Amino acid sequence: MPPRRHDWRHHNSDPMIETKRLYYDDCYIHEFRATVIETADEGRRVYLDRTAFYPTSGGQPFDIGTLGGIAVREVIDEDDRIAHLLEQPIATGEAEARVDWARRFDHMQQHTGQHLLSAVLIELFNIPTVSFHMGAVTSTIDIETASLDPKKIERAEERCAEIVAEARPIVITYEDASADLGLRKESKRTGTLRIVSIDGLDRSACGGTHVRSTAEIGPVLIRKLEKIRGNVRIEFVCGLRAVRRAREDFRTLSEISRLVSVPFEETPALVAAQVDKAKALEKTAQKLAADLAQREGRELYGATAPDESGVRRAKQTGAIDDAMRARAQAFVAGPKAVFLAVCENPPSVLLAASADSGVHAGDRVKAAVTAAGGRGGGNQGLAQGSVKDAAALAALVAQLSQ
Ligand SMILES: [Zn+2]
């Protein structure tokens, strides 16, 4: 994609010395000598006469490396100049510079892979790319279409592989913007444009770094498709990243396959069946738990002696869950019954009362939690409340136990 701000025309009206960008003409320079001509931020923000360090631009992240043996942490495009942010201060004068080549070459593979994929999507389906982002793990392009058939994705992936295998040259030229350049995406720039061409396939105005042959892109693997704001977002990986990703996917699938003890091809059907089975078992377990809780509630009612007013009162401690609710409701299904459940974490209560108990659960809980600084309520038969801490819970329980 074309860089957003920087223009590769020369404007010498500026009194500052423009940084010569070595990567414009040769993306493979990664060891070079340069002169520190200015520094800022106590020697940590450094300007060179020339640099091979790529600054964040056009969807491609900055390079890292060393300058005079000091780590370069970030590289920023300031239009005419490039700022190198160093870990430690550096003095002005000549210095040896080294770009982290593994990182840069990876960026070149992802970035050129993007040119290739975008060009193939035009060639096969006439779908334009509207944006590009290169991430630390995967890259994405947003393409101008509401949806994309998975078959088309497979076709695009294979077409990329064909062009990679053809080892087509990728060249950089400088051409006048006013000419009919036949670019994949029209450039709004004027003056001289830097054009990156994949032989016989694509011409794009771009300020980024690219490999010199499609062979160097390596594998292009398309991954997730996502619908975003009326476009489709395609996630992809190229080169060594694609190899590593595929190996990781293989490991993941091996692990799943080992766990379910079937070959790879059978894992989707087996996992789907296991998920269905787990859901059915969960339903059965819930039903059994509810039946058991109801039974416990009824048995507890039978085993609880009425007090002097003829009301049976039960108190249980534990989580206020479906089982506790079922137990409480089964207990108060009998005549003249009140059931109090107390949970310590989170501090909360449940009160259930039979219609003939003389207790209105909702009113009692509401009054008690309000006094204890909490919140809650319910109806005559069932109510719940919560308070903020153990002391408030103790006060609440004391109130409700009366
Ligand atoms: Zn590019």
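Note: the structure precedes this text.
These remarks concern the structure in this document.

Calculation rules
- Residues numbered from 1 in each chain as written.
- Predicted model: local features only at pLDDT ≥ 70, side-chain atom pairs only at ≥ 80, totals over all residues.
- Heavy atoms only, no water.
- Salt bridge = Lys/Arg side-chain N within 4 Å of Asp/Glu carboxyl O.
- Helix = DSSP H or I, 4+ residues; strand = E, 2+ residues; numbered from the N terminus.
- Buried < 20%, exposed > 50% of the residue type's maximum accessible area, 1.4 Å probe, protein only.
- Phe/Tyr/Trp six-rings, centres within 6.5 Å; stacked < 30°, edge-to-face > 60°.
- Lys NZ or Arg CZ within 6 Å of the ring centre and 35° of its normal.
- Axes fitted to C-alpha atoms, helices over the stretch in contact; angles between N-to-C directions.
- Parallel < 35°, antiparallel > 145°, perpendicular 65-115°, else oblique.
- Contact = heavy atoms within 4.5 Å.
- Donors = N, O, S within 2.8 Å, 3.2 Å for Na, K, Ca; no water.
- Tetrahedral: all angles 85-135°; square planar, octahedral: opposite > 155°, others 65-115°.
- Expected span 1.5 Å × (residues − 1).
- Polar contact = N/O pair within 3.5 Å; in protein donor to acceptor, adjacent residues only side chain to side chain.

**Section: the pattern of salt bridges**
Reasoning step 1: Tallied over the entire structure, the rule returns 29 salt bridges.
Reasoning step 2: Between E235 and R223 there is a salt bridge, with its nearest N and O atoms 3.8 Å apart. Of this pair, E235 sits in strand β15 (residues 231-238) while R223 sits in strand β14 (residues 220-228), placing them twelve residues apart in sequence.
Reasoning step 3: On the accessibility criterion, E235 (15% relative accessible area) is buried.
Reasoning step 4: For the salt bridge of R325 with D322, the shortest nitrogen-to-oxygen distance reads 3.4 Å. Within this pair, R325 and its partner D322 are both found in helix α6 (residues 322-331), separated by three residues, close to a single helical turn.
Reasoning step 5: Using a relative accessible area of 23% as the deciding quantity, one classes R325 as partly exposed.

**Focus: the packing of aromatic side chains**
Each aromatic ring pair is described using two quantities: the centre-to-centre distance and the angle formed by the ring planes.
Reasoning step 1: The full count for this structure, using the stated rule, is eight aromatic pairs.
Reasoning step 2: Aromatic pair F32 and F53: ring centres 6.0 Å apart, planes at 70°, arrangement edge-to-face. Of the two residues, F32 is situated in strand β2 (residues 31-40) and F53 in the loop between β4 (50-51) and β5 (65-67); the sequence distance between them amounts to 21 residues.
Reasoning step 3: Taking the ring centre of Y301 as reference, the NZ or CZ of R312 above it sits at 4.4 Å.

**Quick notes on the packing of helix α2 (residues 101-125) against helix α4 (residues 239-260)**
Reasoning step 1: Running from amino to carboxyl end, α2 crosses α4 at an angle of 90°, the nearest separation of the two axes being 7 Å. The angle between the axes of α2 and α4 places the two elements in the roughly perpendicular class. Contacts between α2 and α4 pair D106, H107, Q109 and Q110 from the former with G239, L240 and R241 from the latter.

**Details of the coordination of the zinc ion**
Reasoning step 1: Protein coordination of the zinc ion is provided by H111 (NE2), H115 (NE2), C206 (SG) and H210 (NE2), with donor distances spanning 2.0 to 2.2 Å.
Reasoning step 2: Between the four donor atoms coordinating the zinc ion, the angles at the centre fall across 98 to 124°, so the site counts as tetrahedral.
Reasoning step 3: Every donor residue of the zinc ion comes from the same chain, spaced as H-x3-H-x90-C-x3-H.
Reasoning step 4: Judged by its relative accessible area of 0%, C206 is buried.

**Topic: α2**
Reasoning step 1: Spanning 25 residues, α2 covers 35 Å between terminal C-alpha atoms, matching the ideal 36 Å at 1.5 Å per step.
Reasoning step 2: The N-cap of α2, judged by a side-chain oxygen 3.3 Å from the amide nitrogen of A102 a few residues on, is D100.
Reasoning step 3: Immediately downstream of α2, the backbone of N126 shows phi near 55°, a positive value.

**Some words on unusual backbone geometry**
Reasoning step 1: Residues N345 and P346 are joined by a peptide bond in cis, for which omega reads -5°.
Reasoning step 2: You will see that D79, though not glycine, has its phi angle at about 70°, which is positive.
Reasoning step 3: Although it is not a glycine, N126 sits at a positive phi angle of roughly 55°.
Reasoning step 4: Among the secondary structure elements, N126 is positioned in the loop between α2 and β9 (129-134).
Reasoning step 5: Residue classification places N126 among the exposed positions, given a relative accessible area of 59%.

Function cannot be inferred from these measures alone, as they are strictly geometric.
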